[in-house]
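# A look at the structure
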Amino acid sequence: MATRLEAPTEGPRDVEGDVLLEGVTRRFGDVVALDGVSLRAARHEVVAVVGPSGSGKSTLLELVCGLQAPDAGRVVAGRAVLMPQRDLLLPWLDALDNAALPLRLAREAKAPARARAHELLAQLGLVGFERSRTWELSGGMRQRVAVARTLLSGAPILCLDEPFGALDAITRADAQGWLAGVLAREPRTVLLVTHDVEEAVLLADRVVVLSPRPGRVVADLPVALPRPRSATDPAVTALRARALASLRSAMEGGA
Amino acid sequence: MLAGLLVLLLLGGWEAYARLGGIDAFILPAPTQVAQALWDDRGLLWDNLLVTGQEMVLGLALALVAGALLAIALHAFRPLRRAIYPLLVGTQAIPIVTIAPLLAAWFGYGLLPKLVIVALVCFFPIVVTTLDGLASIDPEQHKLLRTLGASRAQTFRWVEAPAALPAALSGAKIAVAVGGIAAVFAEYAGSENGLGHLLLQSIPQLETARAWAAVVVLAALAVFCFSLLALAERHLAPWAHRPKDLDA
Ligand SMILES: Nc1ncnc2c1ncn2[C@@H]1O[C@H](COP(=O)(O)OP(=O)(O)OP(=O)(O)O)[C@@H](O)[C@H]1O
Ligand SMILES: [Mg+2]
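Residues numbered from 1 in each chain as written. Chains lettered and ligands numbered in written order. Predicted model: local features only at pLDDT ≥ 70, side-chain atom pairs only at ≥ 80, totals over all residues. Heavy atoms only, no water.

With that out of the way, let us pick up helix α5 (residues 169–185) of chain A. Residues and elements named next belong to chain A. Between the first and last C-alpha of α5 there are 25 Å, a value that for 17 residues agrees with the 24 Å anticipated at 1.5 Å per step. Listed in full, the buried residues belonging to α5 are Arg172, Ala175, Gln176, Trp178, Leu179, Val182 and Leu183. As for α5, its buried residues are in contact with β3 (46–50), α4 (139–152), β6 (157–161), β7 (189–194) and α6 (197–203). (Helix = DSSP H or I, 4+ residues; strand = E, 2+ residues; numbered from the N terminus. Expected span 1.5 Å × (residues − 1). Buried < 20%, exposed > 50% of the residue type's maximum accessible area, 1.4 Å probe, protein only. Contact = heavy atoms within 4.5 Å.)

This is the structure:
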């Protein structure tokens, strides 16, 4: 595995943006979370992972981030940063300092770290909220701060675990819009775990469908559509229907 | 409002009982007599308040520092925690009344033995709450920090310490209640001044109203220390009082 369990602090960064999983199996006691999963994400590719609850999506991300080791198979990935299912903003820091946290952890001084965080928050439409306390932010704003924090880590690979799962439909559509915008400006390799097939088709270059536990890859659908995409575009709805169909047949097959 | 009424009612009842029940003033002085003593002995009470106040504030500060340091050590080394926690609980069963004279014999009549006793008593709730605070970090948060490359020391600096700060102050607030009692016992064991000393002297002198006045001042001191800690908490850890949100 190229990912380290001990975190690096300084030194040359791994700029390798590829992710490779080969026949990866992960067990927790008798529970097989992932069973022979192979998956590839090229540099700057956005790969969405959809699958029923318990199919091992979060486990997959943790393997890529080096937080877990596979029981069988191989995981090769550069430096990957996790954005967990909840935003996990620190209540003792304001929005700006939460976003700047990865820079401070990389021992950047306070002022330049804040300046960079400020710039990114402005791009994400948070002007005027930099000094807000986390509990004064709406759910959508908190998510923007969390995404800013993830981006500022500078990691070439981002593992987003249902980043917008807790948002209402309108805020979510909005969030998908600005995430697509940010990734267009600052491309990264992204593994995007989501329950929402539409979100997967709107944001990703490929949609990987996992079966119910034990998680196996049952479909790998390319999304060769120009950006920005619209949910009402017939090509998008057609792909969404295909992804849903394979998800449904996987669930019936697994049941 | 209701609390005020309740206190008035209680004091009124006490006053009536003490005055009309034919009870000797040196057994149960009426609240007005206690108030009179508070005024008459104000110089004496003030001087002794300064002594006990110093013991309380410094003792609490000592307990906060020692308690937080021990909690950090126990948090950092799991085996130490398993070994020392039971011992800590054990120390809390030692009656202060018995060790106070020993400490007086070792450390003399000065401030030091009082500080040690107050700190010894206040220390335990602080260790417990601080440890809980340090351990309260969401496991997901730890995962996030690891992928961000945070070292052990950075995790402490950015996440664990801020989480433990309001917890330690809460522990100190709990400790104030027992700290006052500890200060009084410490002064009983050997002292020439302080509210506890005044209390001990007033009773055989049949100055019961003065003794009650000392108790009132002691209670006020505890309330003062408590408010001081609450104020510190609001300034140092405003997030601990945020309106509840779903996350964090
Ligand atoms: N640390 C662990 N210890 C034991 N079992 C675990 C652990 N982590 C995950 N599992 C099990 O592995 C399986 C997959 O979990 P995982 O969290 O990866 O699923 P998921 O696809 O992310 O689900 P969801 O959509 O509900 O978030 C589940 O059955 C879960 O109970
Ligand atoms: Mg999950």
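Let us keep going from here.
Moving on, we come to the interface of chain A and chain B. Quite often, the size of an interface is put as the accessible area lost when its parts meet. The interface of chain A with chain B comprises 31 residues on the first partner and 24 residues on the second. Carbon and sulfur atoms supply 63% of the area buried between chain A and chain B, which totals about 2700 Å² over both sides. The largest contributions to the chain A side of the interface with chain B come from Trp92, Leu105 and Trp135 of chain A, which together make up 27% of the buried area. Linking chain A with chain B are two salt bridges. (Buried area = accessible area lost by both parts, 1.4 Å probe. Salt bridge = Lys/Arg side-chain N within 4 Å of Asp/Glu carboxyl O.)

Turning our eyes to something else, we now look at the pattern of salt bridges. For the structure on display, the rule yields 24 salt bridges over all chains. A salt bridge links glutamate 198 of chain A to arginine 240 of chain A, with the shortest nitrogen-to-oxygen separation between them at 4.0 Å. Residue glutamate 198 of chain A is found in helix α6, and its partner arginine 240 of chain A is found in helix α7 (residues 234–254); the two are separated by 42 residues along the sequence. Of the residues examined, glutamate 198 of chain A reaches a relative accessible area of 25% and is grouped as partly exposed. Take arginine 240 of chain A: its relative accessible area is 30%, and that puts it in the partly exposed class. For arginine 152 of chain B, the salt bridge is made with glutamate 160 of chain B, and the minimal N-O distance between the two is 3.3 Å. Residue classification places arginine 152 of chain B among the partly exposed positions, given a relative accessible area of 49%.

Further remarks concern the site of ligand 1. Residues and elements named next belong to chain A. Near ligand 1, the surroundings consist of 15 residues, among which Ser53, Lys57, Ser58, Thr59 and Arg213 are the closest. Glycine 54 places a main-chain nitrogen or oxygen 2.9 Å from an oxygen atom of ligand 1. Out of a free accessible area of 630 Å², ligand 1 has 63% covered by protein chains. Of all the elements in the fold, those that place two or more residues in the shell around ligand 1 are β2 (31–41) and α1 (57–64). In terms of residues, the shell around ligand 1 owes the most to one element, α1, which gives three residues. (Near = heavy atom within 4 Å. Polar contact = N/O pair within 3.5 Å; in protein donor to acceptor, adjacent residues only side chain to side chain. Areas by Shrake-Rupley, 256 points an atom, 1.4 Å probe, with all protein chains shown as cover.)

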